[in-house]
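An overview of the molecular structure
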Amino acid sequence: MARRNNKTLILTLVLCLVASLGLSTQAPAQSKKTLFKLEDPFGDDYGEGRLVYPLISDFEKGDLDLLSLTARRVSGGTRFEALFAKEIKKADRESVDDLGTQLNAIARYGFYTFNIDIYVDKDREPGSGLIRMLPGREAEVTPEFAWERVVCLTPLPNEASARLRRLVVNSMKRTMMDESEGRLDEEALEEFKDSVPADIEEKAFFPTRVNVRNRMIEFTVPDSFLGGPADPNWGYVVVITAADIIQSIDMSKAAYLGRKSRERFMALPVSPGTWQNRLGGGREGEAIQPPIMDMLVPTGASQEVLLDDYSTKQNRPARLPGIVPAQDSSGS
Ligand SMILES: [Ca+2]
Ligand SMILES: [Ca+2]
């Protein structure tokens, strides 16, 4: 009987040991639980099929080619991990203007060639939310995926936030002028201006907790912004644009563009032909071609078709659907 008790005791101890070992190996993994992972093909960093990188040496084929986006639960937020086809270019001491300003002094988060926009449709109510994307994307999301929150990973997050405020105010000013035949209601505009910072803070987030590791960039979004961890039942529109670091630091550097250029926001525009400092390969006479090099698409959809389906003449921008990770077979 005593021997049997000993055996039971040893067995219990072994089981406890296994359980505790199991726990100790599971605990860290659990604290970074994968919420979802979305995959994207290799080699499709060409928008609708014909877009090409700027000629400047900062860009090479593969740099904006997203392969996967993973969302993980971390303490107090969600960590997104974006994997690219090539090692992420790090800002070096290269001068970016006549004053000798060095790239690494500006792009302090370690990367400088791309932006990642993530438009989040939390309520999944068709038509509820915004369909406009950030300025300069020249595309909308489909009404089915109208969004409540946008996360924009950009090399200059602080500048981005200030610039977005200016663009929103200017756009409102134009709308008010149009509506009142050129007579601006200054008081109403001031009132609107006051509401802009809080509105942007609620809807747009520019991550500053960023970590670059080879082909992977990680960035964290707090629960306070998304209203909880990134939910696989929400909808996500994810697009990659080329970062416009020069324009972002100094508007006068963009003056060479001449004429009245369209609204730009942290992203290089696209034009026909090839260019030093913008994307090439664009269609002739199409002002609203999206300068989107890569994007995630739901299973069964084609990036090439979606990004080519627009018409400047009809004032009809490309409309991009989102992905619901929990329902999409490309997710896991
Ligand atoms: Ca890709
Ligand atoms: Ca893609």
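Structure's up top.
Scope of this entry: the structure provided in the associated data block.

What counts and how
- Residues numbered from 1 in each chain as written.
- Chains lettered and ligands numbered in written order.
- Predicted model: local features only at pLDDT ≥ 70, side-chain atom pairs only at ≥ 80, totals over all residues.
- Heavy atoms only, no water.
- Patch = residues over 30% accessible without salt bridge, like charges linked within 9 Å, V, L, I, M, F, W, Y side chains within 5 Å.
- Areas by Shrake-Rupley, 256 points an atom, 1.4 Å probe, with all protein chains shown as cover.
- Salt bridge = Lys/Arg side-chain N within 4 Å of Asp/Glu carboxyl O.
- Lys, Arg positive; Asp, Glu negative; His and termini not counted.
- Charge placed at Lys NZ, Arg CZ, Asp CG, Glu CD.
- Helix = DSSP H or I, 4+ residues; strand = E, 2+ residues; numbered from the N terminus.
- Buried < 20%, exposed > 50% of the residue type's maximum accessible area, 1.4 Å probe, protein only.
- Donors = N, O, S within 2.8 Å, 3.2 Å for Na, K, Ca; no water.
- Axes fitted to C-alpha atoms, helices over the stretch in contact; angles between N-to-C directions.
- Left-handed = near helix turned anticlockwise from the far one by under 90°.
- Contact = heavy atoms within 4.5 Å.
- Pairing = 2+ DSSP bridges.
- Expected span 1.5 Å × (residues − 1).
- Phe/Tyr/Trp six-rings, centres within 6.5 Å; stacked < 30°, edge-to-face > 60°.
- Lys NZ or Arg CZ within 6 Å of the ring centre and 35° of its normal.
- Bend = angle between axes of the 7 residues up to and from the residue.

1. Structural notes on a negative patch on the surface
- Residues Asp185, Glu186, Glu187, Glu191 and Asp194 make up a contiguous surface patch of negative charge.
- Mapping aspartate 194 onto the fold places it in helix α4 (residues 186-203).
- Given a relative accessible area of 62%, aspartate 194 falls into the exposed group.

2. Topic: the coordination of the calcium ion (ligand 1)
- Around the calcium ion (ligand 1), the donor atoms from the protein are Asp40 (OD), Pro41 (O), Asp44 (OD), Asp65 (OD), Leu66 (O) and Asp294 (OD), and they sit 2.2 to 2.4 Å away.
- Each donor residue of the calcium ion (ligand 1) lies on the same chain, and together they follow the pattern D-P-x2-D-x20-D-L-x227-D.
- Between the calcium ion (ligand 1) and the calcium ion (ligand 2), a separation of 4.0 Å is found, and both are coordinated by aspartate 40. With proline 41 in the loop between β1 (34-39) and β2 (66-74) and aspartate 65 in the loop between β1 and β2, the pair connects residues that are 24 residues apart, well separated along the chain.
- You can call aspartate 65 buried: its relative accessible area is 1%.

3. A look at the packing of helix α3 (residues 157-179) against α4
- Where α3 contacts α4, the two axes come as close as 10 Å, and the packing angle between them is 145 degrees. As α3 runs across α4, the sense of the crossing is right-handed. Contact residues: α3 offers Leu164, Arg165, Val168, Val169, Met172, Lys173 and Met176, while α4 offers Ala188, Leu189, Phe192, Lys193, Val196, Pro197 and Ile200.

4. Re the coordination of the calcium ion (ligand 2)
- Protein ligation of the calcium ion (ligand 2) involves Asp40 (OD), Asp40 (OD), Asp44 (OD), Asp294 (OD), Met295 (O) and Gln303 (OE1), the donor distances falling in the range 2.2 to 2.4 Å.
- Along the chain, the residues donating to the calcium ion (ligand 2) are arranged with the sequence spacing D-x3-D-x249-D-M-x7-Q.

5. Looking at the sheet that holds strand β10 (residues 235-242)
- Pairing in this open sheet of five strands is mixed, and the strands run β7-β6-β4-β10-β11 from one edge to the other. Strand pairing shows two members of the sheet lacking a second neighbour, β7 (204-205) and β11 (292-295), which therefore form its edges.
- Of the strand pairs in this sheet, strand β4 (residues 114-121) and β10 are connected by eight bridges, and their pairing is antiparallel. Bridge pairing in β10 links aspartate 117 to valine 239.

6. Quick word on α3
- Between the first and last C-alpha of α3 there are 33 Å, a value that for 23 residues agrees with the 33 Å anticipated at 1.5 Å per step.
- Along α3, the positions that sit buried rather than exposed are Pro157, Ala160, Ser161, Arg163, Leu164, Leu167, Val169, Ser171 and Met176.
- Within two residues after α3, glutamate 181 carries a phi angle of roughly 50 degrees, on the positive side.

7. Points about the packing of aromatic side chains
- In the structure shown here, the tally under the stated rule is eight aromatic pairs.
- Taken together, a centroid distance of 5.6 Å and an interplanar angle of 20 degrees make the contact between phenylalanine 80 and phenylalanine 219 stacked. Here phenylalanine 80 is found in strand β3 (residues 77-84), whereas its partner phenylalanine 219 is found in strand β9 (residues 216-222), with 139 residues between them in sequence. The same class applies to phenylalanine 80 as to phenylalanine 219, namely buried.
- Through successive ring pairs, a cluster of aromatic residues spans Phe84, Phe111 and Phe114.
- Note that arginine 278 overlies the ring of tryptophan 275, its terminal NZ or CZ placed 4.6 Å from the centroid.
- The residue whose ring lies beneath arginine 283 is tyrosine 310, and the NZ or CZ to ring-centre distance is 4.3 Å.

8. A word on the sheet that holds β2
- Across the sheet, which stays open at both edges, the five strands sit in the order β1-β2-β3-β9-β8 with antiparallel pairing between neighbours. With one partner strand each, in any of the chains shown, β1 and β8 (210-213) form the two edges of the open sheet. Averaged over all adjacent pairs, the angle separating strand axes in this sheet is 15 degrees, with direction ignored.
- Sheet analysis places β8 next to β9, joined by four bridges and oriented antiparallel. Across the sheet, residue arginine 213 finds its bridge partner in β9, namely methionine 216.

9. Description of the pairing of β9
- Counting buried positions over the seven residues of β9 gives six, a clear majority of the element.
- Linking two consecutive strands that pair antiparallel, namely β8 and β9, is a turn of two residues; a positive phi of about 50 degrees is found at asparagine 214 within it.

10. Remarks on α4
- With 18 residues, α4 should reach 26 Å at 1.5 Å per residue; the first-to-last C-alpha distance of 25 Å fits that figure.
- Considering bend angle alone, the principal kink of α4 is centred on valine 196 and spans about 35 degrees; proline proline 197 follows within four residues of it.
- What α4 keeps buried is the set Leu189, Val196 and Ile200.
- On its buried side, α4 packs onto α3 and β7.

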